[in-house]
Every structure is written in structure tokens, then in C-alpha cells.
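Listed below, chain by chain, are the residues.
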Amino acid sequence: LFENHIVNLPKGSLIYMGSDGYIDQNNEKRKRLGEKRFKQILSESKHLPLAQQKQKLEDELAIQMKNTAQRDDILVVGFKL
């Protein structure tokens, strides 16, 4: 059952959506990146243009994945109102 909700956001708001693949990606020690680190990356880059935010997310994921295989689908979508 679906329910509609209306949310009013101010102009310039950033919206991020994604799968759990980014936060669940493990490193060489099998430690996952985690929600706390994901939020930290977003917070540190929120002042950057979206293309640079994307690059920051990709760079951090590459560091996390060094010498490991991707274990799940990874989807992060961000847009600015």
C-alpha cells in the first residue's frame, strides 16, 4: 500500500538517493564503509558542484575498494533543487 506525502524544500536543497551498495562495500579487512562515513563524505562535499561531489564519492569508494571486488550494486543519485 502506497501513501502520498508532500514535502516542501527550499530552493538549493540537495537530494541524495541510492541503494545500500555504497555503504555496504567492504575494504581489505572486510570492514564496510558504513552510513556514518557516507554521510560524512556528503557533508564534506555538499558545497562543491555536483560533478565534483560525484568525483569525491567515486574517489572515496575507490579507496575503500582497494584490492577488493565490488560485492553489490552501487547506486547514488544526487540532484539540487
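Being a predicted model, the structure only gives us computed values, none of them experimental.

(A) Representation of the overall build of the protein chain within the structure. Looking only at helices and strands, one finds three helices and two strands in the protein chain. Evaluated residue by residue, the protein chain yields a buried proportion of 23% over its 81 residues. Counting every atom, the protein chain has about 6,500 Å² of accessible surface; 54% of that belongs to carbon and sulfur.

(B) Main features of helix H2 (residues 35-45). Here H2 has its buried residues at Phe38, Ile41, Leu42 and Ser45. For H2, the angular spread of buried residues about the axis comes to 95°, placing them on one side. Where the residues of H2 are buried, they touch strand S1 (14-18), helix H1 (21-24), helix H3 (50-65) and strand S2 (76-80).

(C) Summary view of a nonpolar patch on the surface. Together, Val7, Leu9, Met17, Leu75, Val77, Phe79 and Leu81 line one region of the surface with nonpolar side chains, adding up to about 620 Å² of accessible area. Inspection of the secondary structure puts Leu9 in the segment before S1.

(D) Looking closely at the pattern of salt bridges. Going through the model one piece at a time under the given rule, you end up with seven salt bridges. The closest approach of N and O atoms between Arg32 and Asp24, which form a salt bridge, is 2.3 Å. In this structure, Glu60 and Arg37 form a salt bridge, with 2.8 Å as the shortest nitrogen-oxygen distance. Note that Glu60 is positioned in helix H3 and Arg37 in helix H2, a separation of 23 residues in sequence. Look at the salt bridges and you will find they share partners, linking Arg37, Glu44, Lys56 and Glu60 into a network.

Parameters and conventions
Residues numbered from 1 in each chain as written. Predicted model: local features only at pLDDT ≥ 70, side-chain atom pairs only at ≥ 80, totals over all residues. Heavy atoms only, no water. Helix = DSSP H or I, 4+ residues; strand = E, 2+ residues; numbered from the N terminus. Buried < 20%, exposed > 50% of the residue type's maximum accessible area, 1.4 Å probe, protein only. Areas by Shrake-Rupley, 256 points an atom, 1.4 Å probe, with all protein chains shown as cover. Arc of directions from axis to C-beta. Contact = heavy atoms within 4.5 Å. Patch = residues over 30% accessible without salt bridge, like charges linked within 9 Å, V, L, I, M, F, W, Y side chains within 5 Å. Salt bridge = Lys/Arg side-chain N within 4 Å of Asp/Glu carboxyl O.

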